[in-house]
Amino acid sequence: IKPNVNELRRMTGKPLGSEAAILRAVEPVHHAGDEVVIVSRGSNGILLIGPQERYRATPPPVTVRSTVGAGDSAVAGFVFTHASGKGLEECARIATAAGTAATLAPGNQLCRMDDVRRLAPKVKMVSF
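About the criteria used
Residues numbered from 1 in each chain as written. Predicted model: local features only at pLDDT ≥ 70, side-chain atom pairs only at ≥ 80, totals over all residues. Heavy atoms only, no water. Buried < 20%, exposed > 50% of the residue type's maximum accessible area, 1.4 Å probe, protein only. Helix = DSSP H or I, 4+ residues; strand = E, 2+ residues; numbered from the N terminus. Pairing = 2+ DSSP bridges. 1 Å grid on protein atoms, 1.4 Å probe; cavity = no way out; pocket = protein on both sides within 12 Å on 5 of 7 lines; lining within 4 Å. Points joined across faces, edges and corners; volume = space filled by probe spheres on them. Nonpolar A, V, L, I, M, F, W, Y, C, P; charged D, E, K, R; others polar. Axes fitted to C-alpha atoms, helices over the stretch in contact; angles between N-to-C directions. Parallel < 35°, antiparallel > 145°, perpendicular 65-115°, else oblique. Left-handed = near helix turned anticlockwise from the far one by under 90°. Contact = heavy atoms within 4.5 Å. Expected span 1.5 Å × (residues − 1).

Caption draft 1: Spatial organisation of the pairing of strand S1 (residues 37–40). Residues Val37 and Val39 of S1 are buried on one face, and the alternating residues Ile38 and Ser40, pointing to the opposite face, are buried as well. Where S1 meets strand S2 (residues 46–49), four bridges bridge the pair, whose relative direction is antiparallel. Residue pairing for S2: serine 40 is matched across the bridge by isoleucine 46. Taking the residues between adjacent antiparallel strands as the criterion, S1 and S2 are bridged by five residues, where glycine 42 takes a positive phi near 60°.

Caption draft 2: Layout of the layout of surface pockets. In this structure, the largest pocket spans a volume of roughly 470 Å³. Lining the largest pocket we find 25 residues, and of these Gly42, Ser43, Ala70, Gly99 and Thr103 sit closest to its centre. Counting only elements with at least two residues in the lining of the largest pocket, the list comes to helix H3 (70–83) and helix H4 (88–102). The residue inventory of the lining of the largest pocket, partitioned by class, reads nine nonpolar, 12 polar and four charged.

Caption draft 3: Quick look at the packing of helix H1 (residues 5–12) against helix H2 (residues 19–31). One can describe the packing of H1 onto H2 by two numbers: an axis separation of 11 Å at closest approach and a directional angle of 60°. For the element pair H1 / H2, the angle class is oblique. In the crossing of H1 with H2, the sense of the turn from one axis to the other is left-handed. For the pair H1 and H2, contact is made by Val5, Leu8, Met11 and Thr12 and by Ile22, Ala25, Val26 and Val29, respectively. In terms of residue class, the contact of H1 with H2 is made up of seven nonpolar, one polar and no charged.

Caption draft 4: Representation of H2 within the structure. End to end, H2 covers 18 Å across 13 residues, agreeing with the expected 18 Å (1.5 Å per residue, within 8%). Those residues of H2 that fall on the buried side of the exposure criterion are Ala21, Ile22, Leu23, Ala25, Val26, Val29 and His30. The inward-facing, buried residues of H2 abut H1, S1, S2 and strand S3 (54–58).

Caption draft 5: Structural view of the sheet that holds S3. If you walk across this open sheet you meet the four strands as S1-S2-S3-S4, and the pairing is antiparallel. Each of the sheet's edge strands pairs with one partner strand only, and the pair in question is S1 and strand S4 (124–127). On average, each strand axis in the sheet is inclined to that of its neighbour by 15°, with strand direction left out of account. Sheet analysis places S2 next to S3, joined by four bridges and oriented antiparallel. Across the sheet, residue leucine 47 finds its bridge partner in S3, namely arginine 56. The strands that H2 touches are S1, S2 and S3; relative to S2, the one it contacts most, it runs at about 35°.

Here it is in structure tokens:
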């Protein structure tokens, strides 16, 4: 699943003012059978919690034109990369780049592949 912080807050009924709180809130969701949980955090990027791996992916700063479709683009980036047989680290990187690329487009346009390719190497990845 890929909730944003507000969706996760509504789902769990818990205040999520810190990364530690987000991770505590994800644990029961993750253990309930979701193999991968991705929490989108806007300009702070995503947290990806997998069966054995955890990643914090932080996008480069960009000038945001619209956030409409950013979450959908992140999911598409993850699914496309995962279906290509890539590992979760690369999936998190591309998901973050795709979500960020969507914010560069006006209105409700989704991400453009050229922007995803340009942004992906600039996504900061941390395993934790």
